[in-house]
Amino acid sequence: MSAVVALTLVLVGCSAEVSEAPEPSPTVTTPAAPTDFGAQSVDWGTCDGYATDGNDLPSNLQCARITVPVDYSNPTGDTARIALSRAPATGDRIGSILVNPGGPGASGLSAATTGEATDIAARFDMIGFDPRGIGASTPAVRCLTGPETDAERADDDTDTSPAGIAATEAENKDYAAKCAERTGRGFLAHVGSEDVARDMDVIRSVLGDDKLSYIGYSYGTRIGSTYAELFPDRVRALVLDGAIDPEQNPVDEVVDQAAGFQKAFDDFAADCAKTTSCPLGTSPEQAVGQFRRLVNPLLVNPARTTDPRGLSYEDANTGVQQALYSPTLWRALRVGLGQLADGSGDVLLSLADLYNGRLDDGSYSNLEDAFNAVRCVDDPPITNPAQAGELDTRFREAAPFLDDGRGNGSAALDVCAYWPVPSEGTPRITVSDLAPTVVVSTTEDPATPYEAGVALAADLGGSLITYRGTQHTVAFSGEDCVDEPLVSYLVDLTIPEQGLTC
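Hey, could you run me through the state of the cysteines in this one?
Two cysteines, two sulfur atoms, one covalent bond between them: this is a disulfide. This structure, assessed with the given rule, holds five disulfides. Through a disulfide, Cys143 is tied to Cys179; the S-S separation comes to 1.9 Å. Disulfide Cys143-Cys179: torsion about the S-S bond near 110°, hence right-handed. Of the two residues, Cys143 is situated in the loop between strand S4 (124-130) and helix H4 (146-154) and Cys179 in helix H5 (residues 162-183); the sequence distance between them amounts to 36 residues. Classification of Cys179 as buried rests on a relative accessible area of 0%.

Here it is as structure tokens:
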């Protein structure tokens with residue numbers, strides 16, 4: 001896939017921590033929860049067999065699946081099964097809180113443990129879910145096999161020569177064709193945020209809640225705000241952290257995210273320079289140049305790794321960006337770059353494997369395939385080569401640490417330009433009569449810029465909590481200044497003080 005696709009995969013997606021270094025869519029006008037779907041019962045049981053990302057689900061969780069229509073305008077047609085998880089309330093129960101960790105493409109079942117050390121775990125059933133097409137939900141979006149994904153990651157998609165662009169676009173066409181063949185056009189047309197939001201309303205109904213309480217991170221803010229647009233009278237409480245602003249031009253969004261990652265890289269470099277063995281040197285101003293000297297040789301020769309695949313240029317960049325999501329991964333990044341300076345790429349390959357959903361047996365979760373499927377439906381594609389080239393130029397300017405020096409104003413069209421179903425491309429719906437909501441935004445968030453949170457809070461007429469830091473999302477990560485007002489909001493519907501900054 002094209003370089004822009006590879007970069008936006010990291011830029012938009014959710015983060016995960018690791019141990020030390022190691023047929024067109026019709027307009028939908030029917031109700032979201034028809035009686036035969038909203039009234040179904042949930043048969044909770046063990047979570048054995050539900051985990052799809054290589055990590056066992058906590059033993060205190062219960063799991064189940066419910067049925068939803070693939071196409072809400074045709075509720076008697078094909079159906080899908082949505083996987084749910086639950087951590088039951090341990091005290092005086094108020095209701096349920098749905099949680100989504102982001103992506104799109106990430107499994108959300110483990111998100112039922114969100115806030116487990118706070119009063120929300122006592123007062124609510126915490127509910128995780130795998131959005132349609134993702135994880136343990138069925139059918140699942142599938143495009144490439146494990147070996148095909150390995151080969152794609154090893155390929156150089158950054159060549160902006162005419163021949164390089166032609167080769168990349170041919171690969172993108174092939175990828176889109178495989179998605180249609182292996183997943184089905186009919187289902188691919190219905191994996192976007194609007195259909196996921198309608199699924200959330202079915203979940204709300206089958207759980208017996210009159211109104212929705214919800215915590216969404218990163219891409220989870222998009223499905224949360226979409227729910228608010230569709231069903232404002234069914235919202236009890238929304239916490240949206242790491243906001244995606246639905247009104248922002250997707251091209252500007254990518255460029256802003258690139259700038260966010262550059263700032264995170266700069267902060268990492270400054271921290272690294274305080275150590276005696278920083279592989280980027282002791283001067284943060286020289287860090288970009290030193291980083292390019294480390295990674296550019298990978299365009300020709302992968303770095304050696306214990307795994308026979310070696311570390312490709314694309315994987316090196318993915319691994320670095322994965323680690324920039326949170327300062328908790330900066331030590332791993334420092335070690336990984338130190339290894340690369342010595343010609344080894346084990347740590348960065350592990351970080352890239354983590355981000356791409358590669359499992360120990362060489363298979364993959366469907367994180368990346370689902371990511372592409374959702375974004376290609378949610379947002380209009382770039383089909384004009386000149387616009388693709390302009391985006392590539394702006395991206396390089398915004399994130400010089402990701403610029404290999406081969407920019408020439410040209411770039412390949414990405415997979416969405418060849419997607420087998422059209423994007424929804426619907427304008428944002430004006431929200432009215434919405435209960436008070438809370439948006440959390442981090443000043444130096446590398447993946448979802450602070451300004452997007454400010455804009456989303458204004459769009460929804462909600463409150464904004466500002467967190468000063470360099471990380472992607474913060475709610476219920478142990479920051480009392482953020483967590484305590486969120487607990488009061490979710491439990492008692494107490495609005496955080498205006499202008500709260502932590």
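I keep staring at the pairing of strand S2 (residues 79-87) and nothing clicks. Help me out?
Consecutive residues of a regular strand have side chains that alternate between opposite faces of the sheet. By the criterion of burial, S2 is predominantly enclosed, with seven of the nine residues buried. When strand S1 (residues 62-69) meets S2, the two strands line up antiparallel, connected through eight bridges. Across the sheet, residue Cys63 finds its bridge partner in S2, namely Ser85. Note: S2 against S4, five bridges, orientation antiparallel. Within the sheet, the bridge partner assigned to Leu84 lies in S4 and is Phe129.

What's the story with the packing of aromatic side chains in this structure? I'm lost.
In this description, an aromatic ring pair is defined by two values, namely the gap between the centres and the angle between the planes. Evaluated as defined, the whole model comprises seven aromatic pairs. With a centroid separation of 5.6 Å and 85° between ring planes, the pair formed by Phe261 and Tyr325 is classed as edge-to-face. Linking Phe261 in helix H9 (residues 250-272) with Tyr325 in the loop between helix H11 (313-323) and helix H12 (330-341), this pair joins segments that are 64 residues apart in sequence. The two residues Phe261 and Tyr325 agree in class, both being buried. Ring geometry for Tyr325 against Tyr355: centres 6.3 Å apart, planes inclined by 15°, an arrangement best described as stacked. Taken together, the positions of Tyr325 in the loop between H11 and H12 and Tyr355 in helix H13 (residues 346-356) put the pair 30 residues apart, joining distant regions of the chain. The residue whose ring lies beneath Arg65 is Tyr50, and the NZ or CZ to ring-centre distance is 4.3 Å.

Quick question: what am I supposed to make of the pattern of salt bridges here?
A side chain of one charge can pair with a side chain of the opposite charge when the charged atoms of the two come close. Taken as a whole and assessed by the stated rule, the structure comprises 26 salt bridges. Between Arg86 and Asp125 there is a salt bridge, with the nearest N and O atoms lying 4.0 Å from each other. Here Arg86, found in strand S2, pairs with Asp125, found in strand S4; they are 39 residues apart in sequence, far enough to count as distant. The burial state of Arg86 is the same as that of Asp125; both residues are buried. Note that Asp174 and Lys178 form a salt bridge whose closest N and O atoms lie 2.5 Å from each other. Of this pair, Asp174 and Lys178 both sit in helix H5, four residues apart, which is roughly one turn of the helix. Since its relative accessible area comes to 15%, Lys178 is described here as buried. Counted as one network, the salt bridges with shared partners bring together Asp150, Arg153, Asp307, Arg309, Asp315, Asp353 and Arg358.

Basis of the calculations
- Residues numbered from 1 in each chain as written.
- Predicted model: local features only at pLDDT ≥ 70, side-chain atom pairs only at ≥ 80, totals over all residues.
- Heavy atoms only, no water.
- Disulfide = S-S within 2.5 Å.
- Helix = DSSP H or I, 4+ residues; strand = E, 2+ residues; numbered from the N terminus.
- Buried < 20%, exposed > 50% of the residue type's maximum accessible area, 1.4 Å probe, protein only.
- Pairing = 2+ DSSP bridges.
- Phe/Tyr/Trp six-rings, centres within 6.5 Å; stacked < 30°, edge-to-face > 60°.
- Lys NZ or Arg CZ within 6 Å of the ring centre and 35° of its normal.
- Salt bridge = Lys/Arg side-chain N within 4 Å of Asp/Glu carboxyl O.

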